Amino acid sequence: WENPKSLFDYNNILVVEKAKIRTFTKHPGWDENHYPHSKQWIAQLARQADWKHFPNTHKKAITINTTALRIFPTNKPSFGDRHTAGQGFPFDNFQVSQLRANFPVYVLQTSKNGAWAFVLTSNETYGWVQTKDLASVNNNFINRWKTKNYVTPVVDDVSIRNQQQYFFQTRIGEIYPFVRAEKNNDIILVATRDQNGRAVIKQAAVHKAAVKPWPIRATSKKIAKLANEFLGIPYG
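Every residue gets a number counted from 1 within its own chain, in the order that chain's sequence is written. Totals for whole chains, interfaces and linings use all residues, but because this is a predicted model, local features are given only for residues with pLDDT of at least 70 and pairs of side-chain atoms are given and counted only at 80 or more. Think of the side-chain values as coming from all heavy atoms in the structure, minus any hydrogens and water.

Colleague: Explain the side chain of Thr-192 here, please?
Modeller: Labels follow the DSSP assignment, with helices taken as runs of H or I lasting at least four residues and strands as runs of E lasting at least two, numbered in each case from the N terminus. Along the chain, Thr-192 falls in strand S12 (residues 185-193). With a 1.4 Å probe rolled over the protein chains alone, any residue whose accessible area is under 20% of its type maximum counts as buried; one over 50% counts as exposed, and the rest are partly exposed. Classification of Thr-192 by relative accessible area gives buried; the value is 11%. Other than its neighbours up to four places away in sequence, Thr-192 contacts Ile-64, Ala-135, Gln-165, Phe-167, Arg-198, Ala-199, Val-200 and Lys-202. In this analysis, two residues are considered to be in contact whenever any of their non-hydrogen atoms come within 4.5 Å of each other.

Colleague: Sorry if this is basic, but what is going on with the packing of helix H1 (residues 10-26) against helix H2 (residues 39-49) here?
Modeller: Angle between the axes and distance between the axes: these two values describe a pair of packed helices. Packing of H1 against H2 brings their axes to within 8 Å, and their N-to-C directions diverge by 160 degrees. When the axis of H1 is compared with that of H2, the two are roughly antiparallel. Crossing of H1 against H2: the hand is right-handed. Contacts between H1 and H2 pair Ile-21, Phe-24 and Thr-25 from the former with Lys-39, Ile-42 and Ala-46 from the latter. To get an axis, a line is fitted to the C-alpha atoms, and for a helix only the part in contact is used. The angle between two axes follows their N-to-C directions and goes from 0 to 180 degrees. Angular relationships are summarised with four words: roughly parallel below 35 degrees, roughly antiparallel beyond 145, roughly perpendicular across 65 to 115, and oblique for the angles in between. Should the near helix be turned anticlockwise from the far one by less than a right angle, the crossing is left-handed, and should it be turned clockwise, the crossing is right-handed.

Colleague: What is the right way to read the environment of His-58 from this model?
Modeller: Looking at the secondary structure, you find His-58 in the loop between H2 and strand S1 (59-63). Note on His-58: relative accessible area 47%, which makes it partly exposed. Sequence-wise, His-58 and Val-119 are 61 residues apart; in three dimensions their C-alpha atoms are separated by 9.8 Å. Reaching out from His-58, the side chain makes a polar contact with the side chain of Tyr-106 at a distance of 3.3 Å. Polar contact criterion, stated in full: a pair of N or O atoms within 3.5 Å, where within protein one must be able to donate a hydrogen and the other to accept it, and residues adjacent in sequence count only if both atoms are side-chain atoms.

Colleague: Sorry if this is basic, but what is going on with H2 here?
Modeller: For an α-helix the count is 3.6 residues per turn, leaving residues at separations of three or four pointing the same way. Along H2, the residues classified as buried are Trp-41, Ile-42, Leu-45, Ala-46 and Ala-49. End-on view of H2: buried residues confined to an arc of 140 degrees, all on one side of the axis. Relative to its buried face, H2 has exposed residues pointing more than 90 degrees away, namely Gln-40 and Arg-47. Among the structural elements, H1, strand S4 (104-110) and strand S6 (126-130) are those in contact with the buried residues of H2. Asp-50 occupies a position one or two residues after H2 and carries a positive phi of about 60 degrees. The arc in question is the one traced by the directions running from the helix axis out to the C-beta atoms.

Colleague: Explain the nonpolar core here, please?
Modeller: When a protein is soluble and globular, its nonpolar side chains tend to lie buried together. The nonpolar core is taken to be a set of buried Ala, Val, Leu, Ile, Met, Phe, Trp, Tyr and Cys residues, with the residues joined through side-chain atoms within 4.5 Å. Of all hydrophobic cores here, the largest spans 23 residues; its most connected members are Ile-13, Phe-118 and Leu-120. At the level of elements, H1, H2, S4, strand S5 (116-121) and S6 are the ones that each hand at least two residues to this core. Setting aside chain neighbours within four positions, we find Phe-118 in contact with Ile-13, Glu-17, Trp-51, Phe-54, Tyr-106, Val-107, Leu-108, Gln-109, Tyr-126, Gly-127 and Trp-128.

Spatial relationships are all this shows, so hold off on functional conclusions.
The structure is reproduced here in C-alpha cells:
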C-alpha cells in the first residue's frame, strides 16, 4: 500500500505480460476437458486485459477471501500435455499463486468487463484477481488496520466469525490484526466489502489455540510443529 513503485517497474510489467501473450498464443494449452485451447481464445483474453490502456487505474485494496492470482483474467485453466510427466491436471499454467484472505494489494488495471483486477503484492508477484474478492481501502482504513499487534494461525481450517457472521477459515501464513484477548478466543480485525465495493472493518473471534502472536520465533521446535500441520495434505 505504501510504495508499490519501489518493488515494481511498471514498464517492465507490460513487457513481461506481452511476452506471456506471445508464449500462450504459440502454445495455448489444453482445457480441463482435454480439448486444446485456440489462439483466438488467448487473443480474446488479451483484449479483455486492455493492455493498450495500462495502467488504467491506481487503487489500494484488500482481499476479502482466499483467492487465485492468475496470468490471464479467467478462471479457466490451461494445462500442458497430460501424457507428459508434470503436465496436465493439476498443473494449471495460468495459476501464478494464491492470495490469503485480508491481504493488501495495489490495483493497476481493471479488465474491460470489470470482473478482474490486475494487482501487485508485497510478495513481489502480480496477476489477475476477481474483483468480487477485493475491496478498496482508504487511508482511514489503513490506519485502523495497522494495530501494531498481530496474530498468525498455527493450524488450518478453524472458523473465524462473530455472532452475526462467518468470515473464513484460518490458513497457516495469514496475519490478522489483533484487538484483545478473551477467555477462549482472540478478537481480531477482518475486512469485508460493502455494496459499493469499499472495505469495511469488523471484529471477529478465533479460538486461542489456533493462533499465536506474530512473528513466531523461528526455533526448530516451532518450525517442526508448523510443518507437521501439512502432513497428509494433498498437493495443490
